[in-house]
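Here are the chains, one letter per residue:
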Amino acid sequence: MLRYVSRRLVWAVPTLFIVTFLVFVAIRIGTDPVASYLRLNPRASQAKIQQYKEVNGLVGTIPQQYFHWLRHFVTGDWGRSIKGSRPVWPELKNALANTLVLGIFATTIGISVGLFIGTIAAIRQYSKFDSVASTGAFVGLSIPPYISAILLQLLFAVYITKWFNLSEPLLPTSGVYPPGHSGFDPMLRLKYLILPATVVAIQIIAVYSRYMRASLLEVKNSEYLRTARAKGISEKRVLVNHTMRNALIPVVTIAALDIGAIVGGLIITERIFQYPGMGNYFLTAFENGDFPQLMPWMVFVVIAVIMFNLLADVLYAWLDPRIRLD
Amino acid sequence: MTDSVFSVRDLRVGFPTDYGEVQAVRGIDLDVAEGELVGIVGESGSGKSVSFLGVMGLLPPSAKVTGSAKVRGLELIGADKKVVRKTRGKRMAMIFQDPLSALNPVHKIGRQIVEMIQAHQDMSKSEAQQRAVELLELVGIPQPKTRAMQFPHEFSGGMRQRVMIAMAIANDPEVLIADEPTTALDVTVQAQILEVIQRIQRELNTAVVFITHDLGVVARIADRVQVMYAGRSAERGEVHDIFMRPTHPYTQGLLSSLPASGTAGQRLHPIPGSPPNMMRPPSGCAFRTRCPHSADVCAVDPPPDLAPFGTVETACVRAHELVPEGAL
Amino acid sequence: MTDLLHTAEALTAAPSAEPTADELEGLNVESVSPARMAMRRFVHHRMAMGCLVVFLIIALFIILAPWTARYPQSHSLPPIDGQSSFVSPNSKAWFGTDELNRDLYSRVIWGGRVSLFIGLSVALTSSILGTITGAIAGYVGGWIDDILMRTTDLFLAFPLLVSLLVLRNMFAKVHQLNWLFGELSSIRFIIVLLSLVTWMGVARIVRGVVLSLKEREFVEASRAIGSKRRRIVWRHLIPNAIGPILVAMTTAVVAAIVTESTLSFFGYGVDPSQGKSSWGNLLEAARGTVQSGYWWIALFPSIVFIITILCINFIGDGLRDAFDPKQDKGRA
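Residues numbered from 1 in each chain as written. Chains lettered and ligands numbered in written order. Predicted model: local features only at pLDDT ≥ 70, side-chain atom pairs only at ≥ 80, totals over all residues.

## A few points about the interface of chain A and chain C
Selection rule: We call two residues in contact when their backbone-placed C-beta atoms lie within 7 Å. Put simply, DSSP marks the helices as runs of H or I at least four residues long and the strands as runs of E at least two long, and each gets a number from the N terminus on. Polar here means any residue outside two lists: the nonpolar Ala, Val, Leu, Ile, Met, Phe, Trp, Tyr, Cys and Pro, and the charged Asp, Glu, Lys and Arg; Gly therefore counts as polar.
Chain A puts 41 residues into the contact, and the matching count from chain C is 38 residues. Of all the elements in the fold, those that place two or more residues in the side of chain A that touches chain C are helix H1 (2-30), helix H6 (128-142), helix H7 (145-163), helix H8 (186-220), helix H10 (235-265), helix H11 (267-272), helix H12 (278-288) and helix H13 (291-319) of chain A. For the side of chain A that touches chain C, the residue count by class is 26 nonpolar, 13 polar and two charged.

## Examining helix H13 (residues 279-288) of chain C
Because the α-helix completes a turn every 3.6 residues, residues three or four places apart line up on one side. In plain terms, the rule: Remark: C-beta atoms are placed from the backbone, and a residue is labelled buried if 20 or more other C-beta atoms sit within 10 Å of its own, exposed if 12 or fewer do, or partly exposed between those counts.
For H13(C), the tally of buried residues reaches eight of 10 residues, placing the bulk of the element in the interior. Restricting attention to buried positions, one finds in H13(C) the residues C:Trp279, C:Gly280, C:Asn281, C:Leu282, C:Leu283, C:Glu284, C:Ala285 and C:Ala286.

## Focus: the environment of B:Pro105
Mapped onto the fold, B:Pro105 is located in the loop between helix H3 (99-102) and helix H4 (109-120). Sequence separation between B:Pro105 and B:Leu76 is 29 residues; the distance between their C-alpha atoms is 30 Å. Sequence-distant contacts of B:Pro105, that is, excluding residues within four places in its chain, are made with A:Arg322, B:Phe151, B:Pro152 and B:His153.

## Some points on the packing of H1(A) against helix H8 (residues 160-173) of chain C
Basically, it comes down to this: Axis definition: a line fitted to C-alpha atoms, over the contacting stretch in the case of helices. Angles run 0 to 180 degrees between N-to-C directions. Angles below 35 degrees are treated as roughly parallel, those above 145 as roughly antiparallel, those between 65 and 115 as roughly perpendicular, and all remaining angles as oblique. Note on convention: near helix rotated counterclockwise from far helix by under a right angle means a left-handed crossing. Clockwise means right-handed.
Between H1(A) and H8(C), whose axes approach to 7 Å, the crossing angle comes to 60°. As judged from the angle between their axes, H1(A) and H8(C) are oblique. The handedness of the crossing between H1(A) and H8(C) comes out as left-handed. Between H1(A) and H8(C), the residues in contact are A:Ala26, A:Ile27, A:Ile29 and A:Gly30 and C:Val166, C:Leu167, C:Asn169, C:Met170 and C:Lys173, respectively.

## Examining the sheet that holds strand E12 (residues 312-314) of chain B
All names here are of chain B. Inclusion rule: In this analysis, strands are considered paired if DSSP registers two or more bridges between them.
Sheet architecture is open: eight strands sit in the order E6-E7-E8-E3-E9-E10-E12-E11, paired in mixed fashion. Edge positions in the sheet fall to strand E6 (92-95) and strand E11 (307-309), since each has one partner strand and no second. When strand polarity is set aside, the average angle formed by the axes of neighbouring strands in this sheet is 20°. Two elements, strand E10 (residues 232-238) and E12, share two bridges in a ladder whose sense is antiparallel. Across the sheet, Glu235 pairs through a bridge with Thr314, a residue of E12. Where helix H1 (residues 48-56) meets the sheet, it contacts strand E3 (37-41), E6, strand E7 (175-179), strand E8 (207-212) and strand E9 (224-229), and its direction lies at approximately 140° from that of E8.

## Overview of the nonpolar core
The nonpolar side chains of soluble globular proteins are, as a tendency, buried together. Selection rule: Each nonpolar core reported here comprises buried Ala, Val, Leu, Ile, Met, Phe, Trp, Tyr and Cys residues connected via C-beta atoms within 7 Å.
Residues A:Ile150, A:Met298, A:Val301, C:Val206, C:Ala252 and C:Ala256 are the most contacted members of the largest nonpolar core, which totals 166 residues. The element that contributes the greatest number of residues to this core is H8(A), accounting for 17 residues. Excluding anything up to four places from it in sequence, A:Val301 contacts A:Val263, A:Gly264, C:Phe158, C:Pro159 and C:Val162. Ranked by size, the runner-up nonpolar core spans 97 residues in total, among them B:Ala24, B:Leu53, B:Val65 and B:Leu135.

## Some details on the sheet that holds strand E1 (residues 4-17) of chain B
Residues and elements named next belong to chain B. Pairing is antiparallel in the open sheet, where four strands are placed in the order E2-E1-E4-E5. Every interior strand has two partners, whereas the edge strands, strand E2 (20-33) and strand E5 (74-75), have only one. Here H1 sits on the sheet in contact with E1, E2 and strand E4 (64-71), set at roughly 100° to E1.

## Structural notes on the pairing of E7(B)
Residues and elements named next belong to chain B. Applicable threshold: Seen with the strands pointing away from the viewer, any crossover whose path from the first strand over the helix to the second strand runs clockwise is right-handed.
In terms of burial, E7 is a largely internal element, five of the five residues being buried. Neither face of E7 is open: one carries Val175, Ile177 and Asp179, the other Leu176 and Ala178, and all of them are buried. Handedness of the E7-helix H8 (residues 187-204)-E8 crossover: right-handed.

## With respect to H12(A)
Regarding H12(A), the residues found buried are A:Met278, A:Gly279, A:Asn280, A:Tyr281, A:Phe282, A:Ala285 and A:Phe286. Tucked into the core, H12(A) has its buried residues touching helix H5 (88-123), H10, H11 and H13 of chain A together with H8 of chain C. Phi turns positive, to about 65°, at A:Gly289, one or two residues after H12(A).

## Brief notes about the environment of A:Val200
Structurally, the position occupied by A:Val200 is in helix H8. Put simply, A:Val200 and A:Asp258 are 58 residues apart on the chain and 12 Å apart in space, counted from C-alpha to C-alpha.

## Concerning unusual backbone geometry
Residue B:Asp301 is joined to B:Pro302 through a cis peptide bond whose omega torsion reads -5°. Summarising the element assignment, B:Pro302 is placed in the loop between helix H11 (249-256) and E11. Of note, the phi angle at A:Tyr126 is positive, near 75°, even though the residue is not glycine. Within the element layout of this structure, A:Tyr126 appears in the loop between H5 and H6. The backbone of A:Gln274 shows a phi angle near 50°, a positive value even though the residue is not glycine. Checked against the element boundaries, A:Gln274 lands in the loop between H11 and H12.

Dropping the structure here:
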């Protein structure tokens, strides 16, 4: 087990460098920082442009540029955004925090509900509940998040207000707090989280209910359950130590991957609901071609992806010893 | 037999399906004495496994199990669930055909044995672990202490089956039901496992029900044998008697279909036809559709019970006509 | 236990005339090829069949667009009841009109053309690419397989939109690749881009199937008689993998359509100014009108879109069941 983990860890480090390098190259080619700079500072002189290039490591070969960027990055010097020349870290930090709040909130609810539904569907296989749950999951998976986001927005911003003659929308459809609000208000924060979280949760519930159902059914029909019962142990023990213990293995591994995907994954929802998280941050930076903003963002996402991939691998091997073959 | 440890009377198992009820077991009797090994022989679909799964309460809830099955007087069929559960693993244990799928792949085998022990005995974890190691040693697993910390997939087929046996005898059960334990193993390993079972049986004086379709295995280790066909018993008796002078045409067919030494190059004689549809089994003796001696009397309901015939019991109503009495 | 149920199912002879052994000996059982069995199973899957029908209807409407659509894509209608934009559904425009008074119903049909074309093209190319790669990786194994798994692992774990946008920008700038990609925002560009991302999912699925097939006896038998590797892959593995490959294709179609629409929704997909709009473009227009309450702009394209995706998903489910039936049938 230890060997398995350490092998994976050892691989993770060079992977990190390779991936960040590739990302660097892709973004460097795709966005032209100099052009962006010019766009936002149209009257900059040649000297200023040259100075900008040198300061930001935009001269030399691609590998040279990469190491220049890398050096600055690990020493904490992340530069300033091209647009507005603002320090990168504070905004990125806020975006990260916001996304984590939304992501963890939605994922926790989504996975819990999904597992619950999947379990009942498996226990009452072929029942009405099972059919409804399966169809529901299918429908949920067939509705892309941006469509459910728009429809929910439409419903709550316009129609519920109209139908119930409300003075203001029942649930807010954009932002984190009402404009001009300052300070921390959990109830209000929650209110603003509900709609975007619902959009995210729909997908999660659909996926996890199906996974749980499939996994449980496979375990239910397994012979070791019969052996467990033949041992005369209590049904509760059979359920927890055998049925659930085995059924949750694939679910847990996927959950680990999904959690890693939260960091960069809520782009659509955030954009539609104007939620100032990592997704929105990325889109804005991308649209502006704002290289200094994009790279740190990328690094965060890369780290999250690699880390949680590793976690998922390790978790899987820990839970299912048959995997520990290398 | 009045001193039988395990006693089954008129056991019936039915499975309701969308197309009708499958009558898997249609009334069998069985007695096993202490220290005795009874072989249950039959082909796939004869109901041999289902009978005992039904007695143990391991069939799906939709299955209908009726009749009587007693362990030293304790009735299991229709009994309270708790009673049945307490009997499982303690007084009556079962080992299954494929030990790889029968053992939980994610638990260490030591833990699985400990679970068996702690379900019925009041031992601390470390005591139970020690006992588990002793059991592994008992069934012939080398380096039991190390092996107890390993997982099922790290064992070979034969070793896994030994683990299953160790687990089954952990609480010194009065009855051990072995459901085709050697079918999935190759011949040499088979012999080892049979030896283990026999040794255990002698040491612990367990009553063993050994289910198999392999007549060779039965000949080797069983004291008595009971042949099943289409959910009913065809005949039963001491192994030697049955094998030397089978009285039921089915048993005769089984034995003569075996390739015997000295018959190399000759045609084999399988039993013609196939097992009947268990949703609508033939009236009377179910074997009559394939029996070379079938007569009108064979089609009369109810299906014939086992009746004494010489030193054995047979369900063939024409046995006295077909089998010369006293011929051996 | 299963033997009993098999016995029960297998014998369909009328039990009233109990056959004698002789009759049973000569019994002729009609042999059914696996393909036929699969088709039979599919037909029994009610939801899948129903969705197949619905999808074919939608596809028919879309293919016959010049006749089924009432107006050309960019045609602005003359004012209806005095209104020259955002008219709610009426007899002249069944789904209402948009800001340029274009008939939404027709635009949905024309948009379907674009979306389905892109979706199917992407699914086709990525399936071919993915099947070949996945089959080779799965069968040959070794470092080829390792590399495939590692890279696809990482790539697929990255947020899809991020990868797409970054790659889009990158490939647009690399002029050497123009021969493959075509112009930025052209339909060809999108097809190539999406294929580049989708093939990995297909490759993984096919690899998994091949891995499990590899252990089957007929492969060992084929190897034992000395078949070359290529022959084994081509004549044994791929035909047996057809089922899961078809299922993977339906998933790819859905993924492609959804991804294209997402891209177009954010303005990075099909360029509507070139005359063609996909469903994604239509929904993007809907976004701006949410506050104004022009519900038909969002509702109709959404419904058609969702129904199409649902149908393809159910068809995929039916295919999955047809090729690999297990005991559980959790559908209605």
